[in-house]
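# Understanding the architecture of this molecule
Spelled out, the chains give:
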Amino acid sequence: MSRFYKILIPIMLTLIAIAAGVQYNLYLKHQETNTRQGRPAAPEFTLNTATEQAQLSLSQFRGNAVVIYFGYASCPDVCPVDLGIVGSMLRKLSPEQQEKVTALFITLDPERDTPERLLGFSRFFHPKIIGLYGSPEEISEVARSYGVIYEKSFVDNDPNVYWVSHSANFFLINPEGQLVAALPRETTPEQLGERLQALIN
Amino acid sequence: MKTISTLVFFLAFFSANLVASDSISIDDSWVRAAPPTSSNTAAYMKISNHTDKAITLKSANTDAAKMTQLHLSSMVDGLMTMEEQKQGIEIPANSTFELKPASYHIMIMGLKQPLPQEGTLTFELKFSNGHTTTLNAPIKAATSPAHEHDMKEKMPMEMNKKQ
């Protein structure tokens, strides 16, 4: 074989491989866009932050991957485990990734969760977890829009002593503001981290 | 030599008895560290029943809180719910029962003071066979609940292998 072909064949093969790769990537992107177009927009809400006592809307985090957990600050057993999963996941992210991930904790106990209690509770698990509260009506509306069910169970019929039974999911929202998953509370910090990283990459 | 081994035997025997009575022993107890703003938390442990009959944990009291209750967290119709176990928590005969997060636990309500991030909380546990134990459970932050749980599951198996 002439020297010309010895050089030409590898070059041609490389070019074909690159072209195929580009085509395949375009195909994947196209598929991804197609599925994403079919996804519902995450229900928009505006609530108060425990941190700055300012109002905050979900749409402000467009461009970030968002994880939302609904719970309450006097929750002794389940919410600490679940927020612990969120905190542990955040600690595993690089500082750059942390910038692109937002973690929200929305109280289902607006009567008892003062900004101080909510801030103390959410910060305990990770300083980046933002505690959100609102009036009982506002909270009820946000919970309803996400399909979150919650109800008080009173201890010894005392109106001031109660637990809140509640749905426990990690809602994931992509940078385009679409609701992409409601993960069960059995999700590990690693799995949660992988899902969020896939959304921001 | 014989005297020493006898002494060691008795020391081992009695020190084991200090922690465990004949019927019940408690291992790996811990209290969930809570933020200073929280007045509730929970305690967990492994309770072993060394008898041929089921024994029920009837109560677990601490002076550090206004109230304690035996609770079960479970998923009911898609809701995470806690329910007081008024009848107590039964430890089946010759077995170890684990009180663990999002399952059976000791509910601590109305802490009189913010819980320190380390140290211990003292409980008095009462059982149906009349046995009473004082327990000093360390306060711990569960940084990675899933991992911690896995480790706890594996440990007894490894210990069994050595025996």
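How each quantity is defined
Residues numbered from 1 in each chain as written. Chains lettered and ligands numbered in written order. Predicted model: local features only at pLDDT ≥ 70, side-chain atom pairs only at ≥ 80, totals over all residues. Heavy atoms only, no water. Pairing = 2+ DSSP bridges. Helix = DSSP H or I, 4+ residues; strand = E, 2+ residues; numbered from the N terminus. Axes fitted to C-alpha atoms, helices over the stretch in contact; angles between N-to-C directions. Contact = heavy atoms within 4.5 Å. Buried area = accessible area lost by both parts, 1.4 Å probe. Polar contact = N/O pair within 3.5 Å; in protein donor to acceptor, adjacent residues only side chain to side chain. Nonpolar A, V, L, I, M, F, W, Y, C, P; charged D, E, K, R; others polar. Core = buried A, V, L, I, M, F, W, Y, C linked by side-chain atoms within 4.5 Å. Buried < 20%, exposed > 50% of the residue type's maximum accessible area, 1.4 Å probe, protein only.

The next point concerns the sheet that holds strand β2 (residues 55-57) of chain A. Residues and elements named next belong to chain A. If you walk across this open sheet you meet the seven strands as β2-β1-β5-β4-β3-β8-β9, and the pairing is mixed. If you trace the sheet from one side to the other, it starts and ends with β2 and β9 (179-184), each paired once. Direction aside, the axes of adjacent strands within the sheet are offset by 35° on average. The sheet contact formed by strand β1 (residues 46-49) and β2 spans three bridges and is antiparallel. If you follow leucine 47 over to β2, its bridge partner there is leucine 56.

This brings us to the interface of chain B and chain A. Between chain B and chain A, the contact holds 33 residues from the first and 32 residues from the second. For the pairing of chain B and chain A, the buried interface totals around 2,300 Å² over both sides, and the portion due to carbon and sulfur atoms is 63%. The interface formed by chain B and chain A contains six residue pairs in polar contact (both at pLDDT 80 or more). Considering only residue class, the side of chain B that touches chain A consists of 15 nonpolar, 16 polar and two charged.

Once that is clear, we can look at the nonpolar core. Counting residues in hydrophobic clusters, the biggest one holds 64 residues, and the most contacted among them are A:Phe45, A:Ile68, A:Tyr146 and A:Leu192. Broken down by element, the residue count for this core peaks at eight residues, all from helix α2 (residues 78-92) of chain A. When neighbours within four sequence positions are excluded, A:Leu192 is seen to be in contact with A:Val67, A:Ile85, A:Val86, A:Met89, A:Phe170, A:Leu172, A:Leu183 and A:Thr187. B:Ile26, B:Ala60, B:Leu115 and B:Ile139 belong to the second-largest nonpolar core, a separate cluster that totals 27 residues.

Next up on the list: the side chain of A:Ser165. Structurally, the position occupied by A:Ser165 is in strand β7 (residues 162-166). Judged by relative accessible area, which is 3%, A:Ser165 ranks as buried. Apart from residues no more than four positions distant in its own chain, A:Ser165 is found in contact with A:Ile149, A:Tyr150, A:Glu151, A:Ser153, B:Leu79, B:Met80 and B:Thr81.

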